[in-house]
Amino acid sequence: MSEAAEPRPVVALGTKTARDALAARGLVLAPHPPGTALAILADLIRETAANVDEVQQRLLQRADMAISQLQSVTRGRDRYRHGSTDGLLQSLGSEIDSLVARRGEGIQRLRLATNTYADLCDAPKPPPTPSRLPPPRRGGR
């Protein structure tokens, strides 16, 4: 049985998120006259996307470090066998949690900014995506 190759994580997640959100409304970030609402919002989108990209890159680096440390346990090469009882992941776990939270907040800000930009550009709204929830039951208990 062959395993499917795992997808590679998106390093430039903020840039991709902004580009995809705008493309769904038929837009790309365009130059605007300085000082206008659209120019300010476009700059905010670029800055937020760059910040999310940076957080994503740091998160992937820390996750790789954690994976490497945990793999030493599965191979029987962890520090415990050498007399050290320091925490295995030490501060990596809390740092990863913090980066995941920061990435999520950045993505939410990015979606808000791209939706506002698209609305100011009078771009048509994308069609609603079908719900993944099962339809409600009727007449049941």
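Scroll up for the structure.
(A) Here's a closer look at the overall build of the protein. Per the secondary structure count, the protein includes three helices and zero strands. Of the regular secondary structure in the protein, the N- to C-terminal order runs α-α-α. The proportion of buried residues among the 141 residues of the protein is 24%. Long-range pairs, those at least 24 residues apart, make up 80% of the contacts in the protein between residues at least 6 apart in sequence.

(B) Layout of the nonpolar core. With 12 residues, the main nonpolar core is built from Ala18, Leu22, Leu27, Leu41, Ala42, Ile45, Ala49, Leu110, Ala113, Tyr117, Ala118 and Ala123. Counting residues per element, the ones that place at least two in this core are α1 (13–23), α2 (37–74) and α3 (92–120). Ignoring anything within four residues of it in the chain, the contact list for Ala42 reads Leu29, His32 and Tyr117. Counting residues in each nonpolar core, the second largest holds six residues, with Val55, Leu59, Ala66 and Ile96 among its members.

(C) Main features of α3. Spanning 29 residues, α3 covers 41 Å between terminal C-alpha atoms, matching the ideal 42 Å at 1.5 Å per step. For α3, the full list of buried residues reads Leu92, Ile96, Leu99, Gly106, Ile107, Leu110, Ala113, Thr114, Tyr117 and Ala118. Immediately downstream of α3, the backbone of Asp122 shows phi near 55 degrees, a positive value.

(D) Layout of the layout of surface pockets. The volume enclosed by the largest pocket comes to roughly 160 Å³. Taken together, Ala21, Arg25, Arg111, Thr114, Asn115, Lys125 and Pro126 make up the full set of residues lining the largest pocket. If you tally residues by element for the lining of the largest pocket, the top one is α3, at three residues. Its residues placed into classes, the lining of the largest pocket shows two nonpolar, two polar and three charged.

(E) Broad picture of the pattern of salt bridges. A complete count under the given rule lists six salt bridges for this structure. The salt bridge partner of Glu95 is Arg58, with a shortest N-O separation of 3.8 Å. Of this pair, Glu95 sits in helix α3 while Arg58 sits in helix α2; the two residues are 37 residues apart in sequence, bridging distant segments of the chain. With a relative accessible area of 28%, Arg58 lands in the partly exposed category. A salt bridge links Lys125 to Asp119, with the nearest nitrogen and oxygen atoms 3.0 Å apart. The exposure class assigned to Asp119 is partly exposed, which follows from its relative accessible area of 37%.

Cut-off values and rules
- Residues numbered from 1 in each chain as written.
- Predicted model: local features only at pLDDT ≥ 70, side-chain atom pairs only at ≥ 80, totals over all residues.
- Heavy atoms only, no water.
- Helix = DSSP H or I, 4+ residues; strand = E, 2+ residues; numbered from the N terminus.
- Buried < 20%, exposed > 50% of the residue type's maximum accessible area, 1.4 Å probe, protein only.
- Contact = heavy atoms within 4.5 Å.
- Core = buried A, V, L, I, M, F, W, Y, C linked by side-chain atoms within 4.5 Å.
- Expected span 1.5 Å × (residues − 1).
- 1 Å grid on protein atoms, 1.4 Å probe; cavity = no way out; pocket = protein on both sides within 12 Å on 5 of 7 lines; lining within 4 Å.
- Points joined across faces, edges and corners; volume = space filled by probe spheres on them.
- Nonpolar A, V, L, I, M, F, W, Y, C, P; charged D, E, K, R; others polar.
- Salt bridge = Lys/Arg side-chain N within 4 Å of Asp/Glu carboxyl O.

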